[in-house]
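Tertiary structure, described
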Amino acid sequence: DSKATVSVLNWWPSRGPPFTVPTMEEPKPLSLFEGANLVYLAAALAVLVALLLVLTKALGGGAARKKSLCVFAGLPLSGKTVLWWKIFRGTEVKTQASMVPHRGHFPLAEGGANRECVDFPGHLKLRSEGQALLREAFAIVFTVDAVDWEARLSSNAEFLCDIMTDSEIVLNGQRPHLAVACTKRDIGHSYKAITIKKQLEVEIEKVRLTRAKGLSGLGADGEEKLQLGVADEKFRFDEHSPLPVTFLDVYAVGSDSGVQPLKDWLATV
């Protein structure tokens with residue numbers, strides 16, 4: 001046996017490099033910040049940020065942004081300017097349809113800070129500019145002529161729908177309060193605010209249904225609008241308005257008692 005062992009050892013070649021077993025390199029740890037992983041990570045972050053922005057708007061998370069304007073809006077000759085002058089200047093003025101806004105800084109409550117108040121013309125050509133102002137409003141006074149309201153019912157309903165379905169007004173930042181001021185109530189054949197409110201609800205329901213069918217999903221400024229109300233329920237301001245709404249009977253001729261309801265409302269917003 002020992003001779004066999006020696007012969008085997010003598011047989012093993014003595015020349016050439018010694019036999020070595022190759023070693024495996026340790027795998028490098030994967031990194032999220034290399035190659036395709038970085039692309040996927042960036043895409044995931046982008047989706048997450050977009051979802052957070054949508055949720056913030058939907059939940060009213062933009063409420064921290066304060067709005068600065070009190071805006072008087074409405075159709076031409078609905079009494080906006082007369083009301084504005086009576087409340088903020090304490091004077092009665094005769095007016096006609098104008099293309100020029102009135103602005104001023106006034107306290108809305110006794111001892112309160114001055115706030116910028118704008119009487120904006122109701123002409124249709126200026127509607128998009130007016131809508132931009134409404135998006136910066138913490139208070140909106142929408143005037144309706146309580147004498148001539150029936151002939152302009154459809155136009156008033158369309159205008160109010162544009163306000164209540166504008167995402168920048170409803171969702172972006174501080175949600176404004178809306179007062180529908182039924183003007184000229186000192187005239188004997190004018191209609192009460194409660195009557196006008198009911199008729200506006202009927203007309204707004206027609207507008208809402210038309211827009212829900214996709215026949216008119218755009219507002220006066222050409223932008224997509226939010227859906228208003230609930231599909232199987234008739235529109236009611238108290239139940240379906242996305243803004244807190246108050247209807248008021250007012251007039252701007254004679255004593256200050258005619259504008260007192262609006263003054264009281266302004267002091268609370």
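Analysis parameters
Residues numbered from 1 in each chain as written. Predicted model: local features only at pLDDT ≥ 70, side-chain atom pairs only at ≥ 80, totals over all residues. Heavy atoms only, no water. Pairing = 2+ DSSP bridges. Helix = DSSP H or I, 4+ residues; strand = E, 2+ residues; numbered from the N terminus. Axes fitted to C-alpha atoms, helices over the stretch in contact; angles between N-to-C directions. Contact = heavy atoms within 4.5 Å. Buried < 20%, exposed > 50% of the residue type's maximum accessible area, 1.4 Å probe, protein only. pLDDT = per-residue confidence, 0-100. Phe/Tyr/Trp six-rings, centres within 6.5 Å; stacked < 30°, edge-to-face > 60°. Salt bridge = Lys/Arg side-chain N within 4 Å of Asp/Glu carboxyl O.

A word on the sheet that holds strand 1 (residues 69-74). The mixed open sheet is built from six strands, whose spatial order is 2-3-1-4-5-6. Unpaired on one side and paired on the other, strand 2 (102-107) and strand 6 (245-249) mark the two borders of the sheet. When the angles between neighbouring strand axes are averaged without regard to direction, this sheet yields 20°. Strand direction decides the pairing type here: strand 1 and strand 3 (residues 114-119), joined by four bridges, are parallel. In the sheet register, Leu 69 faces strand 3, and the bridge partner there is Glu 116. Seen against the sheet, helix 7 (residues 193-212) touches strand 4 (137-145), strand 5 (177-183) and strand 6 and runs at an angle of roughly 135° to strand 6.

Next up on the list: the environment of Val 202. Mapped onto the fold, Val 202 is located in helix 7. For Val 202, a relative accessible area of 43% puts it in the partly exposed group. Note: C-alpha distance between Val 202 and Ala 157 (45 residues apart in sequence) is 9.1 Å.

What follows covers the confidence of the model for the protein. Of the residues in the protein, 73% reach a pLDDT of 70 or more, and the chain-wide mean stands at 82. Within the model, the stretch residues 2-9 combines pLDDT values under 50 with zero contacts to residues more than four positions away or in other chains. Counting interchain partners and residues more than four positions distant, the pLDDT-below-50 stretch residues 58-64 has six contacts.

Attention shifts here to the packing of aromatic side chains. A complete count under the given rule lists nine aromatic pairs for this structure. Ring plane angle 75° and centroid distance 5.8 Å describe the contact between Trp 84 and Trp 85, whose orientation is recorded as edge-to-face. Taking relative accessible area as the criterion, Trp 84 reaches 1% and is therefore assigned buried. Accessibility expressed as a relative area gives 24% for Trp 85, which makes it partly exposed.

In this section: the pattern of salt bridges. For the structure on display, the rule yields 11 salt bridges. One salt bridge in this structure joins Lys 197 and Asp 238, with 3.1 Å as the shortest N-O distance. With a gap of 41 residues between them, Lys 197 in helix 7 and Asp 238 in helix 8 (residues 237-240) connect regions that are remote in the sequence. The buried category is assigned to Lys 197, whose relative accessible area is 15%. The exposed category is assigned to Asp 238, whose relative accessible area is 63%. In this structure, the salt-bridge partner of Glu 205 is Arg 208, at a minimum N-O distance of 3.0 Å. With Glu 205 and Arg 208 both in helix 7 and three residues apart, this pair spans about one turn of that helix. Arg 208 sits in the buried class, given a relative accessible area of 6%. Taken together, the salt bridges that share partners define one network made up of Lys 86, Glu 92 and Asp 256.

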